Amino acid sequence: MTETSAMGPVIAVVGPSGVGKDSLMEALAAADQNLCLMRRVVTRAPEAGGEDYDAVSESAFSKLVADGHFALHWPAHGLHYGIPHQIEALRAAGRGVLVNLSRAVLLQAQEVFGDFIVLSVTARPEVLAERLTQRGREDSAEVQRRLARARQPLPAGLRRLHQIDNSGDLQQAVAAARAAIYSTAVPESA
């Protein structure tokens, strides 16, 4: 990524709940002026917490879809998510755009955005279980469901997929993610 007119990549940050996606994305954007965050539009109550998002009702979301507001939108876990077309202006400025995406929409996003990098954020199971328990949003049964879902594979066919371990020091994960983003080699896991 440079200051030229080249489009910046879309950098999908994916991983199970509690793995630290938002912390990693915020730290990446703070560490690198060529990277920026993209807020999602979500049909979730504004007081639900977690990530920084634009909360809308189901009917407002449907209207945004009908009006062509989104570059990408999808349903997941009983909610609807959208990435506004504003992402293209950020990319046109040559910036890499970090966005939290669901696994189910990755192949579609790869086709929509072209220059597309997937950072699959992982953490050791015991670390993930501790983080989920500490945040106190899920009961023990839901924590177990989330841990089981964490083991589900990503879809085949992703061209630039990188694994980022976020089990320990966040700055190590940031360094690994920046190395992956700026790598010109095709990763072995692709």
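Coordinates for the structure precede this section.
Residues numbered from 1 in each chain as written. Predicted model: local features only at pLDDT ≥ 70, side-chain atom pairs only at ≥ 80, totals over all residues. Heavy atoms only, no water.

> Would you mind showing me how to read the sheet that holds strand β3 (residues 40-42) here?
Strand pairing in a sheet relies on backbone hydrogen bonds. The paired strands run either parallel or antiparallel. Reading across from one edge, β4-β3-β6-β5 is the order of the four strands in this open sheet, with mixed pairing throughout. Among the strands making up the open sheet, the edge pair consists of β4 (53-55) and β5 (70-76). With direction set aside, neighbouring strand axes in the sheet form an average angle of 25°. Across three bridges, β3 lies against β4 in parallel orientation. Bridging from a neighbouring strand, Val-41 pairs with Asp-54 of β4. Taken strand by strand, helix α2 (residues 58-66) contacts β3, β5 and β6 (79-84), and its axis lies near 140° from that of β5. (Pairing = 2+ DSSP bridges. Helix = DSSP H or I, 4+ residues; strand = E, 2+ residues; numbered from the N terminus. Axes fitted to C-alpha atoms, helices over the stretch in contact; angles between N-to-C directions. Contact = heavy atoms within 4.5 Å.)

> Please explain the sheet that holds strand β9 (residues 161-165) as it appears in this structure.
Ordered in space as β2-β7-β1-β8-β9, the five strands form an open sheet in which the pairing is parallel. Since the sheet does not close on itself, it has two edges, and those belong to β2 (35-37) and β9, each with one partner. Neighbour to neighbour, the strand axes of the sheet diverge by 30° on average, direction disregarded. Across four bridges, strand β1 (residues 10-14) lies against strand β7 (residues 96-100) in parallel orientation.

> Whenever I open this one, helix α4 (residues 106-113) confuses me. Can you help?
An α-helix turns once per 3.6 residues; consequently, residues spaced three or four apart project the same way. By the burial criterion, the buried members of α4 are Leu-106, Ala-109, Gln-110 and Phe-113. In an axial view of α4, the angular spread of the buried residues amounts to 105°, which keeps them on one side of the axis. Close packing links the buried residues of α4 with β1, β5, α3 (86-92) and β8 (116-122). In the stretch just after α4, Gly-114 is the one whose phi turns positive, near 75°. (Buried < 20%, exposed > 50% of the residue type's maximum accessible area, 1.4 Å probe, protein only. Arc of directions from axis to C-beta.)

> Help me understand the nonpolar core in this model?
Grouped burial of nonpolar side chains is what soluble globular proteins tend to show. Ranked by size, the top nonpolar core spans 28 residues in total, and within it Leu-101, Leu-106, Phe-116 and Val-118 carry the most contacts. Those elements giving two or more residues to this core turn out to be β1, β5, β6, α3, β7, α4 and β8. Here this core takes four residues from β5, the largest share from any one element. In this structure, Leu-101 is in contact with Ala-12, Val-13, Val-14, Arg-40, Leu-72, Trp-74, Ile-83, Leu-106, Ala-109 and Phe-116, ignoring residues within four places of it in sequence. Within the second largest apolar cluster, 24 residues are counted, among which are Val-13, Val-19, Leu-119 and Leu-132. (Core = buried A, V, L, I, M, F, W, Y, C linked by side-chain atoms within 4.5 Å.)

> Mind showing me how you'd approach the pairing of β1 here?
Regular strands have side chains that alternate between both faces of the sheet. Of all five residues in β1, five are buried; the element is thus mostly enclosed. Burial of the side chains of β1 extends over both faces: Val-10, Ala-12 and Val-14 are buried on one face and Ile-11 and Val-13 on the other. The pairing of β1 with β8 spans five bridges and is classified as parallel. Residue pairing for β8: Val-13 is matched across the bridge by Leu-119.

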